[in-house]
Amino acid sequence: MSTATMQKYEVRPYDLTGLEGLSEEQIAQHKKLYEGYVNNTNKLLDETRKMLENGEADGLNPYFAELKRRFGFEFNGMVLHEYYFSNLKAKGGALPAGGRLARALEDSFGSVENWMKDFMGVAKMRGVGWAILYQDNRTGKLTNHWITLHEEGNVAGFRPILVIDVWEHAFAVDYKPTERGKYLDAVMKCIDWAKAESRLMGEDELAKNRQMVSK
Ligand SMILES: [Fe+2]
């Protein structure tokens, strides 16, 4: 009998009422999909733990290997939705000028306008995925990334600062598949900029992170 503490994730609650341009039904559907990622993450943890106990944790066992491959998809699906939902709010307004995030964007992109052009460029890429503003966990610099299938394209250790879901399920209730631009116009008016800014790492944390990869 194993003495390890069972790891289990809970579905987090998000109050997303009153988002202009995103209906309650749209959000309800999206939350259901998010719950699926939490449940599947727990299922994978449970299944692989049982396999370990039964002596089946072997890379040559295709069932074990496939479950481990699914880890990246389900875990990142859960976590990215949590970043996305928590960086949304009703009446988000514009990014506050002169704040820490605005200054960090200016430092990395020259101007907030430049950053937005690049970010929207990423968000309109063909295919389903995520547009994510990441902070390099060692230099503190900001870059925009395209993430496919939740697990492909994330940089290890980088901190998500702003996460936008551009899978069609994120807007299919309210918009046509060809109307991603309309969804983006709506969702960018529902950003909790204070939340995004709160995710930025400071110099102390960056220095500690640099230590992790230096001799
Ligand atoms: Fe999603």
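Residues numbered from 1 in each chain as written. Predicted model: local features only at pLDDT ≥ 70, side-chain atom pairs only at ≥ 80, totals over all residues. Heavy atoms only, no water.

Pairing in this open sheet of three strands is antiparallel, and the strands run S2-S1-S3 from one edge to the other. Bordering the open sheet on either side are strand S2 (142–147) and strand S3 (159–165), each of which pairs with just one other strand. Here the average twist between neighbouring strands, direction ignored, is 20°. (Pairing = 2+ DSSP bridges. Helix = DSSP H or I, 4+ residues; strand = E, 2+ residues; numbered from the N terminus. Axes fitted to C-alpha atoms, helices over the stretch in contact; angles between N-to-C directions.)

So, about the pattern of salt bridges. Applying the stated rule across the entire model yields ten salt bridges. When the shortest N-O distance is used, the salt bridge between Arg70 and Glu74 registers 3.2 Å. Of this pair, Arg70 and Glu74 both sit in helix H2 (residues 62–86), separated by four residues, roughly a single helical turn. Judged by its relative accessible area of 5%, Glu74 falls in the buried class. Note that Arg159 is salt-bridged to Glu205, the shortest N-O span being 2.7 Å. Separated by 46 residues along the polypeptide, Arg159 in strand S3 and Glu205 in helix H7 (residues 203–212) bring together distant segments of the chain. What makes Arg159 partly exposed here is its relative accessible area of 21%. Shared partners join several salt bridges into a network, and the residues in it are Asp46, Glu47, Arg49, Lys50 and Glu53. (Salt bridge = Lys/Arg side-chain N within 4 Å of Asp/Glu carboxyl O. Buried < 20%, exposed > 50% of the residue type's maximum accessible area, 1.4 Å probe, protein only.)

Donor atoms from the polypeptide that coordinate the iron ion comprise His30 (NE2), His81 (NE2), Asp165 (OD) and His169 (NE2), at 1.9 to 2.1 Å from the metal. Coordination at the iron ion is irregular, judged from the four donor atoms that bind it and the angles of 87 to 135° they form at the metal. Each donor residue of the iron ion lies on the same chain, and together they follow the pattern H-x50-H-x83-D-x3-H. With His30 in helix H1 (residues 24–53) and His169 in the loop between S3 and helix H5 (180–187), the pair connects residues that are 139 residues apart, well separated along the chain. (Donors = N, O, S within 2.8 Å, 3.2 Å for Na, K, Ca; no water. Tetrahedral: all angles 85-135°; square planar, octahedral: opposite > 155°, others 65-115°.)

Turning our eyes to something else, we now look at the nonpolar core. Among the nonpolar cores identified, the biggest contains 54 residues, and Leu101, Trp115, Leu133, Ile164, Tyr183 and Met188 are the most heavily contacted of them. The leading source of residues in this core is helix H4 (residues 112–123), at six residues. When residues of this core are sorted by domain, at least three fall in each of domain 1 (24–86) and domain 2 (100–212). Excluding its chain neighbours within four sequence positions, the residues that come into contact with Tyr183 are Leu22, Tyr84, Ile164, Asp165, Val166, Ala170, Phe171 and Tyr175. If you look at the next biggest cluster of nonpolar residues, it comprises six residues, including Leu44, Leu45, Met51 and Phe71. (Core = buried A, V, L, I, M, F, W, Y, C linked by side-chain atoms within 4.5 Å. Domains from an automatic or database assignment. Contact = heavy atoms within 4.5 Å.)

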